[in-house]
Amino acid sequence: MRSATLDGPTLETLVSAAVAAPSIHNTQPWRFRLDPDTLTLEIRAAADRGLRHIDPTGRALHLSVGCALLNLRVAVAHFGWEPVTRLLPRPDEPDLLATVRLGGPARTSSPPRLYDALWRRHSSRFPFSQRPLPTAVLTELAEAAHTEGSLLSRLSPGETDRLLHITRVAEHRNTVDADRAAESRRWVHEPNQEALGMPPETLGPQDFREQIPMRDFGAHRHPAGLAARPFEKRPTIAVLSTAHDRRTDWLRAGQALERVLLVATAYGIRASLLHQALEWPDLREELVPLPSDRRDNAQMVIRLGYGPQGPSSPRRAARQTLVDGAPSVPG
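Asks: Break down the overall build of the protein for me, citing the residues and quoting the values.
Replies: Each helix and strand counted, the protein has nine helices and ten strands in total. Relative to the compact-globule value of 20 Å for 331 residues, the protein shows a C-alpha radius of gyration of 19 Å, a close match. C-alpha atoms of the protein, sized along the principal axes, occupy 55 × 40 × 35 Å. Evaluated residue by residue, the protein yields a buried proportion of 56% over its 331 residues. Surface accessibility of the protein: about 14800 Å² in total, with carbon and sulfur atoms responsible for 52%.

Structure, rendered in structure tokens:
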């Protein structure tokens, strides 16, 4: 049932739902502010948590915020409001990436499974089984991306091999680039009160067969010392892409990515994100599946399958993400 007013506990739940989204290196590069007069939640970029070497254009930051935005929309609809969303609403405030106004009664209710899934979803960087994904589920994942204005393309075996090779090249570049490796390494640490970054146990092993290039996040200076296990021989890989490559497209791609991940979670499917090649402009151009006469722009590479859930990364409390001076809500 729709609440008549937005009280404090509901506000915290909405923001917590948004914060549950994935973000590059678990930087959680967002801040929230409520305008109580219009019941509008602002999502602003936390530029101080941007990755200067890995993500100099801020594309991955925008994708991360897009994921949080989708979660917020799902949660707002769950509580009975229509989430009225605007992207980049004020050109003179470039850090304001999106707003969500709590409108009238929701025109269509958010599927309960998506709201439930957003609390359970997290990446699994562990080996998956050989069990194939049902065709009907793969179709639903593609439809989820299409709903948010993006294209999800499942790769053929040959295209999968080509893309994994490109990703291996990118992973090698990342490990030998001192600035990028150091930047990643700073975000790998034991949980602390900041609730940011990657606990070491979430990184998972490397592929014993060296087929799937799992990221080591620059945490290991000696790759020979990394734990290794055999991963699936024929991974299911999909590429998320958009027709254009503007800031609004990055935000839309983030929403599409999160909707895909929530649907996958609802079906018990695990996912890990292979982002390495997207960080190198020349390699990113090679990620769109061939043959293709489209000039699409790759936004994410997703590995999907059945397997262990894996440990989760910490998330900041809602009160840590509401900006200083945010109006208080009675509750």
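Asks: I'd like a description of helix α4 (residues 135-147), backed by residues and values.
Replies: Here α4 spans 18 Å end to end across 13 residues, near enough to the 18 Å set by a 1.5 Å rise per residue. Those residues of α4 hidden inside the fold are in contact with α3 (112-120), β5 (151-154), β8 (236-242), α7 (247-266) and β10 (297-305). G149 lies just past α4 and shows a positive phi near 80 degrees.

Asks: Which residues make up the sheet that holds strand β9 (residues 270-273), and what are the values?
Replies: Pairing within the open sheet is antiparallel, and its four strands lie in the order β5-β8-β10-β9. Edge positions in the sheet fall to β5 and β9, since each has one partner strand and no second. Neighbouring strand axes in the sheet, compared pairwise and without regard to direction, differ in orientation by 30 degrees on average. With four bridges joining them, β9 and β10 adopt antiparallel strand pairing. Bridge pairing links S272 to R303 in β10. Set on the sheet, α7 makes contact with β5, β8, β9 and β10; between it and β10 the angle comes to about 10 degrees.

Asks: Any chance you could break down the pattern of salt bridges for me, citing the residues and the numbers?
Replies: Once the charged atoms of two side chains with opposite charge are near each other, the side chains can pair. Tallying each qualifying case throughout the model produces 22 salt bridges. With a shortest N-O distance of 3.2 Å, E42 and R90 are connected by a salt bridge. Of this pair, E42 sits in strand β2 (residues 40-45) while R90 sits in the loop between β3 (81-87) and β4 (96-105); the two residues are 48 residues apart in sequence, bridging distant segments of the chain. The class of E42 is buried, set by a relative accessible area of 4%. Since its relative accessible area comes to 32%, R90 is described here as partly exposed.

Asks: Describe the nonpolar core, with residues and values.
Replies: Side chains of nonpolar character tend, in soluble globular proteins, to be buried together. The biggest cluster of nonpolar side chains holds 82 residues, and the ones touching the most others in it are L14, L141 and I302. Here this core takes eleven residues from helix α2 (residues 59-78), the largest share from any one element. Sequence-distant contacts of L14, defined by excluding residues within four places in its chain, comprise L6, L41, L72, A75, V76, F79 and L102. If you look at the next biggest cluster of nonpolar residues, it comprises six residues, including L51, I54, W187 and L196.

Parameters and conventions
Residues numbered from 1 in each chain as written. Predicted model: local features only at pLDDT ≥ 70, side-chain atom pairs only at ≥ 80, totals over all residues. Heavy atoms only, no water. Helix = DSSP H or I, 4+ residues; strand = E, 2+ residues; numbered from the N terminus. Rg over C-alpha atoms; globule rule 2.2 N^0.38 Å. Buried < 20%, exposed > 50% of the residue type's maximum accessible area, 1.4 Å probe, protein only. Areas by Shrake-Rupley, 256 points an atom, 1.4 Å probe, with all protein chains shown as cover. Expected span 1.5 Å × (residues − 1). Contact = heavy atoms within 4.5 Å. Pairing = 2+ DSSP bridges. Axes fitted to C-alpha atoms, helices over the stretch in contact; angles between N-to-C directions. Salt bridge = Lys/Arg side-chain N within 4 Å of Asp/Glu carboxyl O. Core = buried A, V, L, I, M, F, W, Y, C linked by side-chain atoms within 4.5 Å.

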